[in-house]
Amino acid sequence: MPEFAPPMVRWRTARGAAVLLAVVAVLLGGWFWWRAPGTTPQVMPLSETSTTAAAVETAPAAPVERVVVHVTGAVTRPGVLTLAAGSRLHEAIAAAGGATSTADLDRLNLAAAVEDGQKIVVPERGSSEAQDSQGGVPAEGGRSSASNESGSGGTGGGSGSGSGASGNGTAKVNLNTADAEELATLPRVGPVLAQRIVDWRKQHGRFTRVEELDAVDGVGPKLLEALLPLVRI
C-alpha cells in the first residue's frame, strides 16, 4: 500500500513555499522601486518637436553660383549663356555649340576663367578681332574684347579719315564735346564704340582725364595708347 505524508508535513511545506514567494515578490518590488527614479523618461515639449521637424523639412538647399556671358564671333550658336561659376573659356565656347571651322582658337587663352557679364569674341583666322585682349578675357577693369568688334567695323571707314586727321595736324578731338560721328573718325573707333563713349559720358559726366577712356567698354590698352595723342578734354 502507498505511503502518504502526514498532514502536518504537507502544511509546513505549503507554508514555506508561500513565505518564499512572498520574499521574492518583496525583493523584486524593492528592486523595481529603486530603479524607477533613474530611468524616468524625458518629455520634450510638442512645440519644440514640431519646430525642429519644420526646420529640417524647410532647410533650403545651397544655391549653385552662376555666371552669365555673351559668346559671339566664330561659334556655332552665338548668344547669351548661363554657366557655372569658375567655368573656363573653352567651356563657354563649347556651350555655344563649339567653334566654327574658321575660328582661330590659338589667339585665345582657353584656360582663362570667365566672369559674370563678360563678352567673349571668338576671332576668325585673318580677322583683327581679339588683338587688344585675350579673346574675350577682360583686361583691366573688367573690359572685354568688344573693342575689337567695333574696332574692326570702324577700321575700314574710320581709320582712313582718322589717320588723315592726325597726319594733317588737325586739332585733337574733344572727348567732352564731340558727338558720335566725330568720335567715329578716330582710328579704330567705329560707330558702335563711338556711341559707347557718348553713352558713358551721359552716365558718368565729363571726362576729367583722357586716360578715363579705358573705362569705356571696348577700349583696350593698345587702343587707348593709340588714341591718347589724338584726343583731349
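Right, let's walk through the structure included here. Predicted, not measured: the structure shown is a model, and the values here were computed from it. (Residues numbered from 1 in each chain as written. Predicted model: local features only at pLDDT ≥ 70, side-chain atom pairs only at ≥ 80, totals over all residues. Heavy atoms only, no water.)

With that settled, the discussion passes to the side chain of E212. Positionally, E212 belongs in the loop between α6 (191-204) and α7 (221-227). For the buried E212, no salt bridge is present, and the opposite-charge side chain at shortest range is R209, 4.7 Å distant. Engagement of the side chain of E212 in a polar contact is seen with the side chain of T208, the distance being 2.5 Å. Sequence-distant contacts of E212, that is, excluding residues within four places in its chain, are made with W200, R206 and F207. (Helix = DSSP H or I, 4+ residues; strand = E, 2+ residues; numbered from the N terminus. Buried < 20%, exposed > 50% of the residue type's maximum accessible area, 1.4 Å probe, protein only. Lys, Arg positive; Asp, Glu negative; His and termini not counted. Salt bridge = Lys/Arg side-chain N within 4 Å of Asp/Glu carboxyl O. Polar contact = N/O pair within 3.5 Å; in protein donor to acceptor, adjacent residues only side chain to side chain. Contact = heavy atoms within 4.5 Å.)

Right, let's get into the sheet that holds strand β1 (residues 66-73). As summarised here, the arrangement of the three strands in space is β2-β1-β3, forming an open sheet in which the pairing is mixed. Pairing within the sheet leaves two strands with one partner each, and these edge strands are β2 (79-84) and β3 (119-122). On average, each strand axis in the sheet is tilted by 35 degrees relative to the strand beside it, whichever way the strands run. As judged from the four bridges shared by β1 and β3, these two strands associate in the parallel manner. For G73, the partnering residue across the bridge sits in β3 and is V122. (Pairing = 2+ DSSP bridges. Axes fitted to C-alpha atoms, helices over the stretch in contact; angles between N-to-C directions.)

Looking at the secondary structure, you find L89 in helix α3 (residues 89-95). Sequence-wise, L89 and V71 are 18 residues apart; in three dimensions their C-alpha atoms are separated by 9.7 Å.

These results come straight from atomic positions and should not be treated as a statement about function.
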